[in-house]
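# Architecture at a glance
Listed here are the chains, written in short residue letters.
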Amino acid sequence: MPEILAPRAVVTGAARGIGRAIAARLVAEGWEVVVSDVDADELGRTAAALSAHAVVADVATDAGVEALIEAAEEQLGQVDAFFSNAGFALMGGLDTPDADWARILDVNVMAHVRVARRLVPGWVERGSGRFVVTASAAGLLTMLGDAPYSVSKHAAVALVEWLNATYRHRGVVAQAVCPQGVQTRLLEQSGPLAGVLSRDTALAPEQVADAVWRGLQTREALVLPHPEVRDYYIRRATDTDAWLDGMNRLEQKLEATPRPTGPA
């Protein structure tokens, strides 16, 4: 078993984007890191660039989560922190097929559940551990144009809340990272919603990683790379119907916006 020298972490969805940026920041701060993704080629390049350990795994399955954590424990000795970052969007509404709902819930929700089920008992036993979930401002507010994404991110935030309520006194810290627009593939593929998501500035993944690092110095459940989200969240909770009226007006504007019909 490797000698314990520094905090040890796993970051999923780490081949690119927010996950890669988080892993890079941890490595820069002296952590030993396992990066994971389903994209073996890009993950290998990321691991080589960061001097991290690469483990190809599909966290949408029990077997994938178990294989990832076993490999990480073999590489690191133990996992002190898990950054459950893998996720995706569908840009679908009520007509989204059941199979697609099941797939997004497996990745955006059940992957977090599977990881927590595997790691939290050990963290409780030794009195420390940190579970950081990349959720979204959609998990606090909602996301127009994508029902499965919005629902799954609300569930991810709810899991973080439940873990805090249940295990905080036992040394387990659970945090939900909830950015708005970030310069990733998701933003590029969001069509007319890109302007909404970028309203308070689309951050670079490295800026989100900076916010995550600051969050690691605290036990706060919500990590908000866009500070404005806190005010929106308060407004939503204070007068939910007024908030939803405003969101509906925004939806009407989006519906009136001409959408591209093909290549320019």
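Residues numbered from 1 in each chain as written. Predicted model: local features only at pLDDT ≥ 70, side-chain atom pairs only at ≥ 80, totals over all residues. Heavy atoms only, no water.

Turning to the confidence of the model for the chain, a few remarks are in order. Residues shown with low pLDDT carry predicted positions that ought not to be read at fine detail. Mean pLDDT over the chain works out to 91, with 89% of the residues at or above the 70 mark. Note on residues 1-5: pLDDT is under 50 here. Beyond four places in sequence and across chains, it has six contacts. (pLDDT = per-residue confidence, 0-100. Contact = heavy atoms within 4.5 Å.)

When you line up the elements, Ser36 lands in strand β2 (residues 32-37). At 2.7 Å, the side chain of Ser36 forms a polar contact with the backbone oxygen of Val55. Setting aside anything within four residues of it in sequence, one finds Ser36 in contact with Val11, Thr12, Gly13, Ala14, Ala15, Leu43, Val55, Val56, Ala57 and Leu68. (Helix = DSSP H or I, 4+ residues; strand = E, 2+ residues; numbered from the N terminus. Polar contact = N/O pair within 3.5 Å; in protein donor to acceptor, adjacent residues only side chain to side chain.)

What follows covers the packing of helix α3 (residues 62-76) against helix α4 (residues 98-126). Running from N to C, α3 and α4 cross one another at 45°; their axes reach a closest spacing of 10 Å. Between α3 and α4, the angle is such that the two are oblique. The crossing of α3 and α4 is right-handed. For the pair α3 and α4, the contacting residues are Asp62, Val65, Glu66, Ile69, Glu70 and Glu73 in the first and Ala111, Arg114, Val115, Arg117, Arg118 and Leu119 in the second. (Axes fitted to C-alpha atoms, helices over the stretch in contact; angles between N-to-C directions. Parallel < 35°, antiparallel > 145°, perpendicular 65-115°, else oblique. Left-handed = near helix turned anticlockwise from the far one by under 90°.)

All right, on to the sheet that holds strand β1 (residues 8-11) then. An order of β3-β2-β1-β4-β5-β6-β7 is seen for the seven strands of this open sheet, with the pairing classed as parallel. Looking along the sheet, the strands with just one partner apiece sit at the ends: β3 (53-56) and β7 (222-223). Pairing between strand β4 (residues 81-84) and strand β5 (residues 129-134): four bridges, direction parallel. Counterpart to Ala81 in the pairing with β5 is Arg130. (Pairing = 2+ DSSP bridges.)

Let's shift gears to the packing of aromatic side chains. A full pass over the atoms with the stated rule returns five aromatic pairs. A ring pair is formed by Phe82 and Phe131, whose centres lie 6.3 Å apart and whose planes are at 50°; its orientation type is tilted. Of the two residues, Phe82 is situated in strand β4 and Phe131 in strand β5; the sequence distance between them amounts to 49 residues. Aromatic side chains Tyr232 and Trp243 sit 6.0 Å apart centroid to centroid with 40° between the ring planes, which places their arrangement in the tilted category. Of the two residues, Tyr232 sits in helix α9 (residues 228-238) while Trp243 sits in helix α10 (residues 240-256), which places them 11 residues apart along the sequence. (Phe/Tyr/Trp six-rings, centres within 6.5 Å; stacked < 30°, edge-to-face > 60°.)

Right, let's talk about the pairing of β4 for a bit. On β4, burial covers both faces: Ala81 and Phe83 on one face and Phe82 and Ser84 on the other are all buried. Pairing between β1 and β4: three bridges, direction parallel. In the sheet register, Val10 faces β4, and the bridge partner there is Phe82. (Buried < 20%, exposed > 50% of the residue type's maximum accessible area, 1.4 Å probe, protein only.)

The next thing to look at is the environment of Ala67. Its place among the elements puts Ala67 in helix α3. The class for Ala67 is partly exposed, based on a relative accessible area of 42%. Distance in space between the C-alpha atoms of Ala67 and Ala57 is 7.2 Å, their sequence separation being 10 residues.

Moving on: the pattern of salt bridges. Scanning the entire structure with this criterion turns up 12 salt bridges. Linking Asp80 and Arg8 is a salt bridge whose minimum nitrogen-to-oxygen distance equals 2.6 Å. Of this pair, Asp80 sits in the loop between α3 and β4 while Arg8 sits in strand β1, placing them 72 residues apart in sequence. A single burial state applies to Asp80 and to Arg8, both of which are buried. Arg114 is paired through a salt bridge with Asp106; the nearest N and O atoms lie 2.9 Å apart. Under the relative-accessibility criterion, Asp106 is labelled partly exposed at 25%. Connected via shared salt-bridge partners are Asp62, Asp106, Arg114 and Arg117. (Salt bridge = Lys/Arg side-chain N within 4 Å of Asp/Glu carboxyl O.)

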